[in-house]
Amino acid sequence: MRRLPIHALVISLLAALLVGFNLLAPFDTRVYDQLMRLHQREAPPEIVLVHIDGEAERRYPDFIDRRPLAVARLVDRLNQVKPRVIGAYLAFDPRDPRDREGLGVLREALARHGNTVGKAFVGDTAHQSAEEAFRAAEKVGFRTLGLQLIATGDDNVIRGSFHAAPLAGALRPSFAVALLQQAGDLVPEERRAALQAAFDSPTVAEDAYVFAFLGGGGTVRRVSAADVLDGEVHPDVWRDRIVIIGQSEQDTEINLTTAVSGWAEHGLTVDEYEAQATAALLTGHVFRVLSPSTDAAIVGGVLLLFALALNHLRQRRAAVFAVGFLVLVGVAYLVAYRMLLWLPPVALAIALPLQVFVEVIHRYVRSASMLAAEIAVLRREATAPPATRRGFDFDEALAAVRQAVASIRRQREYVHRLIDVQPAAIIVIDGQQRLRLGNAQAVAWRTDPEAPMGTLRDWLAAVDLRLPADAGQYVGAGSARLLAQCGEREVVVAFEPLPGGREPDQHDTLVCVTELTGLMADQRERQAAIDFLSHDLRAPAHALVELCEGVLADPTLTPSTQQVLRSAERLSRRMVQMATTYLDFVRSASPEAFTRAEPVLLADVVLEAVETSTPEASAKQVRMELALDDQEAGWVIGDAALLRRAVENLLSNAVKVTPPGGHVDVRVERRHEALAIVVRDGGPGIAPSRRSQLFQRFGPLARTPKSSTRSVGLGLAMVMSVVARHRGTVFVDNPPEGGAEFRIELPLEREASVV
């Protein structure tokens, strides 16, 4: 596992520190400002800002000398055409002579109209504390008060922005929130609910947010207080709208470039900031802000993950991953922007490409150093003097040969001892059937201790082993297993080719003869017991079927009795079927099964089997479709009854799995030197993983793991046994059109041999 390089840790740590200390916030706001402009968010309704500017102070000196009187006159003028709410962004200090004169007149005007919201400056000043400022604003007579939760620092940047803060023993809303609370239905219902939920939050005084300023055009309408008083502005401008009366010095322009203030808007004053904040809260253009530590953890974690992946990927995959990761980060920021979630983008925009660049340089330096090391090794080898070559040491080579020969002899002795302890007779013969090796059992099984054992034929004669065919047929023909008789022993003979030596075309063959006399005797006893039981089951079962049929003919039986008798008859018939199927299987597997080997016309066998299975198919509404080749007679040698029973088993299985209304196709066709019986059903087919279980004893015919078809489990085993006894083959397949196809291929007998 590669170790993470130090440069990845340094870059991640520096980026996290820059985000944690909010040093890149001005650049972050520029990025989001451009996103806002490109996205072109819909501007909120106009908010009218009545600005007490220098022109108003020149034309109406009361705004300087007697501000309460001027503001009272302005409030009366505005209320001639009712606005929805008037917010006064002014501070009045009773200790200031200019503010004491006219406070009563202002208080009467505010009480007369009742739609005003005042602003309390809670920042400590040299003249009064926050508590004193709030109490002084409370005495002016505004309907409600909002807090100024922002302030300008030494860098002339606005900081703050919360929905509310505790003051004077209660939770007080901010100035913008107080304006919207008094605006009534001018605020959409969903925004009123959102503001109320934010105000009711237990952490409302700590949760900072960001205003999504949309710029001056279409958001805030600025008019001069002098123009309002002189009647130069039509009253429809502020009719049923939010009006803010503000005053800011011309030299106190605020640069909003921090993550908790808003977007860059050059020349924006504090009263314009309040108007923009109110507009943003009115439309919900407010970004949620995470804590600086959370932002730092996110940025650092993303950069560390990116560095780990780059460090562990190869060059081509690392390049693809870097491009994909950059695209993913860009998409994540766009999604966060659409969800109004503030994430610092500039740190990652700088750090991610920087990490890629440093990783490329790091890999280049590492490759260059490795190449330089290899070149140094090559130069050292090229300038080194040639090594002196030792002469051939005959004694050392002879000792190595003797050691190898001794090892081979030990391995040979071990193999001989391992073979001698085996209970089976084992011999090894070469390509000319000469005996090369024999264990103790191969020697002990000879009937005559003096009989020769030079070749395979000599040894077979010495142990009285009789094979079904000539012994030379099994040598060099691959693996073979067969039953045979060795004197009075019943044995299984296995021929297994051994790997070639120095001559690949000459292979030795291992012959292993294992005695099965005891096992075969036990098997015959168990088979005889089962055969006897199966044979004797049929007689009472047949009698029970006939008894049920006779009793059911009585018309006086009650329905419940008839139902019990029919169930007994059905179970008895099934018992007869099971016993018959098992007896057919035993008969087909017994060596005496072909005492009646005779020429059989295969078409007649199939026709009889179809006629026998037609009633069962008709009862299930399944059609039997038979296709025979009438132009050519197909003959095989075997037992017609067993072949017919095998075909009936295939047809019975096909009918069981074919749904009502389906059909079963049966045809006889010639395939080269063989005759084929093809049975195709309309069932679900057979999974390839279950085909190996089809022809096992007591293995149910299950087309699917959830099949409900019940079977004795001997039908297909009997089919395989019958076909194998006739030197044929059974094939299973799922044709493309559906269902399963069973195909029996039997050797075709020539017409002359049949005659």
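Above this text sits the structure in question.
A brief report on the enclosed structure follows. (Residues numbered from 1 in each chain as written. Predicted model: local features only at pLDDT ≥ 70, side-chain atom pairs only at ≥ 80, totals over all residues. Heavy atoms only, no water.)

Points about the overall build of the protein chain
Here comes step 1: Tallying secondary structure elements over the protein chain gives 24 helices and 26 strands in all.
Here comes step 2: Taking the contacts inside the protein chain whose residues are at least 6 apart along the sequence as the reference set, 71% of them involve residues at least 24 apart. (Helix = DSSP H or I, 4+ residues; strand = E, 2+ residues; numbered from the N terminus. Contact = heavy atoms within 4.5 Å.)

Examining helix α5 (residues 67-78)
Here comes step 1: With 12 residues, α5 should reach 16 Å at 1.5 Å per residue; the first-to-last C-alpha distance of 16 Å fits that figure.
Here comes step 2: By the criterion of burial, α5 is predominantly enclosed, with nine of the 12 residues buried.
Here comes step 3: Restricting attention to buried positions, one finds in α5 the residues Arg67, Pro68, Ala70, Val71, Ala72, Leu74, Val75, Arg77 and Leu78. (Expected span 1.5 Å × (residues − 1). Buried < 20%, exposed > 50% of the residue type's maximum accessible area, 1.4 Å probe, protein only.)

Things to note about the nonpolar core
Here comes step 1: The biggest cluster of nonpolar side chains holds 41 residues, and the ones touching the most others in it are Val50, Phe63, Leu74, Leu78, Phe92, Trp238 and Ile245.
Here comes step 2: Per element, the largest residue contribution to this core is six residues, and it comes from α5.
Here comes step 3: Not counting residues within four places of it along the chain, the set of residues in contact with phenylalanine 63 comprises Ile52, Ala56, Glu57, Ala70, Val71, Ala225, Leu229 and Gln247.
Here comes step 4: Counting 38 residues, the second-largest nonpolar core is a separate cluster that includes Val622, Ala646, Ile686 and Leu746. (Core = buried A, V, L, I, M, F, W, Y, C linked by side-chain atoms within 4.5 Å.)

Quick look at the environment of threonine 144
Here comes step 1: Following the sequence through the fold, threonine 144 ends up in strand β4 (residues 144-148).
Here comes step 2: A C-alpha to C-alpha distance of 5.1 Å links threonine 144 and valine 117, two positions 27 residues apart in sequence.
Here comes step 3: Discounting chain neighbours no more than four positions away, the residues touching threonine 144 are Thr116, Val117, Gly118 and Gln182.

Remarks on the pattern of salt bridges
Here comes step 1: Under the defined criterion, the tally for this structure stands at 28 salt bridges.
Here comes step 2: Across the pair arginine 466 and aspartate 464 runs a salt bridge, and its minimum N-O distance is 3.0 Å.
Here comes step 3: Arginine 466 gets classed as partly exposed once you look at its relative accessible area, which sits at 42%.
Here comes step 4: Overall, the relative accessible area of 33% leaves aspartate 464 in the partly exposed class.
Here comes step 5: Residues glutamate 669 and arginine 671 are paired through a salt bridge, measuring 3.0 Å at the closest nitrogen-oxygen approach.
Here comes step 6: Accessibility expressed as a relative area gives 31% for arginine 671, which makes it partly exposed.
Here comes step 7: Put simply, Arg667, Glu669, Arg671, Arg680, Glu737, Glu741, Arg743 and Glu745 are held in one network by salt bridges that share partners. (Salt bridge = Lys/Arg side-chain N within 4 Å of Asp/Glu carboxyl O.)

What about unusual backbone geometry?
Most of the time, phi is negative for any residue but glycine, and the peptide bond is trans.
Here comes step 1: Its identity as a non-glycine residue notwithstanding, glutamine 433 has a phi of 65°, on the positive side.
Here comes step 2: Relative to the helices and strands, glutamine 433 resides in the loop between β14 (425-429) and β15 (435-438).

Examining a nonpolar patch on the surface
Here comes step 1: Residues Ile6, Leu9, Val10, Leu13, Leu14, Leu17, Leu18, Phe21, Leu23 and Leu304 make up a contiguous nonpolar surface patch of about 940 Å² in total accessible area.
Here comes step 2: In terms of residue count, the dominant contributor to the nonpolar patch is helix α1 (residues 6-20) (seven residues).
Here comes step 3: Tracing the sequence through the fold places leucine 304 in helix α13 (residues 292-312).
Here comes step 4: Classification of leucine 304 by relative accessible area gives partly exposed; the value is 32%. (Patch = residues over 30% accessible without salt bridge, like charges linked within 9 Å, V, L, I, M, F, W, Y side chains within 5 Å. Areas by Shrake-Rupley, 256 points an atom, 1.4 Å probe, with all protein chains shown as cover.)

Comments concerning the sheet that holds β14
Here comes step 1: Overall, antiparallel pairing links the six strands, which are arranged β15-β14-β19-β18-β17-β16 in an open sheet. The outermost strands of the open sheet, each flanked by one partner alone, are β15 and β16 (465-466).
Here comes step 2: Across seven bridges, strand β18 (residues 489-497) lies against strand β19 (residues 509-515) in antiparallel orientation. Its bridge partner being in β19, proline 497 is matched across the sheet by threonine 509. (Pairing = 2+ DSSP bridges.)

Section: the sheet that holds strand β26 (residues 741-747)
Here comes step 1: Here we have five strands laid out as an open sheet, ordered β21-β23-β24-β26-β25, and mixed in their pairing. The sheet terminates laterally at β21 (623-627) and β25 (729-733), the two strands that pair on one side only. If you compare each strand with its neighbour and ignore which way they point, the axes differ by 15° on average.
Here comes step 2: Across the face of the sheet, helix α21 (residues 602-619) comes into contact with β21, β23 (663-671), β24 (674-680) and β26 while running at roughly 170° to β21. (Axes fitted to C-alpha atoms, helices over the stretch in contact; angles between N-to-C directions.)

Some thoughts on the packing of α21 against helix α22 (residues 640-657)
Here comes step 1: The N-to-C vectors of α21 and α22 enclose an angle of 35°; their axes lie 9 Å apart at closest approach. The chirality of how α21 crosses α22 is right-handed. Here Val605, Glu608, Ala609, Val610, Thr612, Ser613, Glu616 and Ala617 of α21 come into contact with α22, specifically with Ala640, Leu643, Arg644, Val647, Glu648, Leu651, Ser652, Val655 and Lys656.
Here comes step 2: Tallied by class, the residues present in the contact of α21 with α22 amount to nine nonpolar, three polar and five charged. (Left-handed = near helix turned anticlockwise from the far one by under 90°. Nonpolar A, V, L, I, M, F, W, Y, C, P; charged D, E, K, R; others polar.)

Description of the packing of aromatic side chains
Here comes step 1: Enumeration according to the criterion identifies three aromatic pairs in this entry.
Here comes step 2: Consider the rings of phenylalanine 306 and phenylalanine 321, whose centres lie 5.9 Å apart with planes at 20°: the pair is stacked. Taken as a pair, phenylalanine 306 in helix α13 and phenylalanine 321 in helix α14 (residues 315-338) lie far apart in primary sequence, 15 residues in all.
Here comes step 3: Centre to centre, the rings of phenylalanine 306 and phenylalanine 325 are 4.8 Å apart; their planes meet at 35°, and the pair counts as tilted. Taken together, the residues phenylalanine 306 in helix α13 and phenylalanine 325 in helix α14 connect sequence positions 19 residues apart. The same class applies to phenylalanine 306 and to phenylalanine 325, which are both buried.
Here comes step 4: Feature note: the residues Phe306, Phe321 and Phe325 constitute an aromatic cluster, connected by ring pairs.
Here comes step 5: Lying across the ring of tryptophan 445, arginine 489 places its NZ or CZ 4.5 Å from the centre. (Phe/Tyr/Trp six-rings, centres within 6.5 Å; stacked < 30°, edge-to-face > 60°. Lys NZ or Arg CZ within 6 Å of the ring centre and 35° of its normal.)

Observations concerning the packing of α1 against helix α15 (residues 346-383)
Here comes step 1: For the pair α1 and α15, the least separation of the axes is 10 Å and the interaxial angle reads 170°. As far as their axial angle goes, α15 and α1 are roughly antiparallel. Between α1, through His7, Ala8, Ile11, Ser12, Ala15 and Val19, and α15, the contact on the second element is made entirely by Ala347, Ala351, Leu354, Gln355, Val358, Glu359 and His362. (Parallel < 35°, antiparallel > 145°, perpendicular 65-115°, else oblique.)

Points about α13
An α-helix turns once every 3.6 residues. As a result, residues three or four positions apart point the same way.
Here comes step 1: When the terminal C-alpha atoms of α13 are compared, their 30 Å separation across 21 residues agrees well with the 30 Å that a helix rising 1.5 Å per residue should span.
Here comes step 2: Asp295, Ala296, Val299, Gly300, Leu303, Phe306, Ala307, Ala309, Leu310 and Asn311 are the residues of α13 that are buried.
Here comes step 3: Buried-residue contacts for α13 involve α1, α14, β13 (341-342) and α15.

Describing the environment of tryptophan 238
Here comes step 1: Note that tryptophan 238 resides in the loop between α11 (225-230) and β11 (242-246).
Here comes step 2: Of the residues examined, tryptophan 238 reaches a relative accessible area of 1% and is grouped as buried.
Here comes step 3: Residues tryptophan 238 and arginine 84, spaced 154 residues apart in sequence, show a C-alpha to C-alpha distance of 8.5 Å.
Here comes step 4: The contact partners of tryptophan 238, leaving out residues within four places of it in the chain, are Val48, Arg77, Leu78, Val81, Lys82, Pro83, Val228, Val233 and Val243.

As for the side chain of threonine 278
Here comes step 1: Its place among the elements puts threonine 278 in helix α12 (residues 270-283).
Here comes step 2: Residues in contact with threonine 278, not counting those within four places in the same chain, are Ile47, Ala176, Leu179, Leu180, Ile242 and Ile244.

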